[in-house]
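# Observations on the three-dimensional arrangement
In case you want the letters, here they are:
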Amino acid sequence: MPINPSDALRALGAPLVAASGHRTLDLSTSPASISLDPGAYEVFNAGSVTVYVRLGAAVSVPSSGAAEQAGQMPIPAGGVGSVLIAGDAAVTLHGLAASATATIHLVRKAAL
């Protein structure tokens, strides 16, 4: 069942509640992954380098002018990205640091 976009925005704007969850994933220049249940997540990059995350497929550092990578986004050092996993099945989030290492914090703010 598709999620209404306004419901997704409300979920991402939701405050932290007792049913919220928090996980971490350590990233380096070698790909890492974690399985996430459906929900609305905030992904905080606690590292000092840009990281790349992608849903459901291998992540890569894009080169200038390269083809679009569907489901992938960069998160700058100290930045936050929003991820929405809709449906009934868990999805694998893949991550990669542009250089060095970084830890991302994944906060599930709302189950869908």
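First things first, this report covers the structure right here in the doc. (Residues numbered from 1 in each chain as written. Predicted model: local features only at pLDDT ≥ 70, side-chain atom pairs only at ≥ 80, totals over all residues. Heavy atoms only, no water.)

## Some points on the overall build of the chain
- Broken down by element type, the chain carries one helix and eight strands.
- When the helices and strands of the chain are read in sequence order from the N terminus, they spell out α-β-β-β-β-β-β-β-β.
- By residue count, 36% of the 112 residues in the chain fall in the buried class.
- Intrachain contacts of the chain at a sequence separation of at least 6 include 83% that bridge at least 24 residues.
- Approximately 6100 Å² of the chain is accessible, and the part contributed by carbon and sulfur atoms is 56%. (Helix = DSSP H or I, 4+ residues; strand = E, 2+ residues; numbered from the N terminus. Buried < 20%, exposed > 50% of the residue type's maximum accessible area, 1.4 Å probe, protein only. Contact = heavy atoms within 4.5 Å. Areas by Shrake-Rupley, 256 points an atom, 1.4 Å probe, with all protein chains shown as cover.)

## Some points on the nonpolar core
- Counting 18 residues, the largest nonpolar core has Leu25, Leu27, Leu36, Val51, Leu93, Ile104 and Leu106 as the members making the most contacts within it.
- Breaking this core down by element, the ones donating at least two residues are strand E1 (21-27), strand E2 (32-36), strand E3 (39-45), strand E4 (51-55), strand E6 (80-85), strand E7 (91-97) and strand E8 (102-110).
- Residue contacts for Leu27: discarding those within four places in its chain leaves Ala32, Val51, Gly95, Leu96, Ala97, Ala100, Thr101, Ala102 and Ile104. (Core = buried A, V, L, I, M, F, W, Y, C linked by side-chain atoms within 4.5 Å.)

## A short note on the environment of Ser48
- On the secondary structure map, Ser48 appears in the loop between E3 and E4.
- Separated by 51 residues in the primary sequence, Ser48 and Ser99 have C-alpha atoms spaced 9.4 Å apart.

## Structural notes on the side chain of His94
- The topology assignment puts His94 in strand E7.
- For His94, the contacting residues outside a window of four places in its chain are Ala32, Ser33, Tyr52, Val53, Arg54, Gly56, Ala57, Ala58 and Val59.

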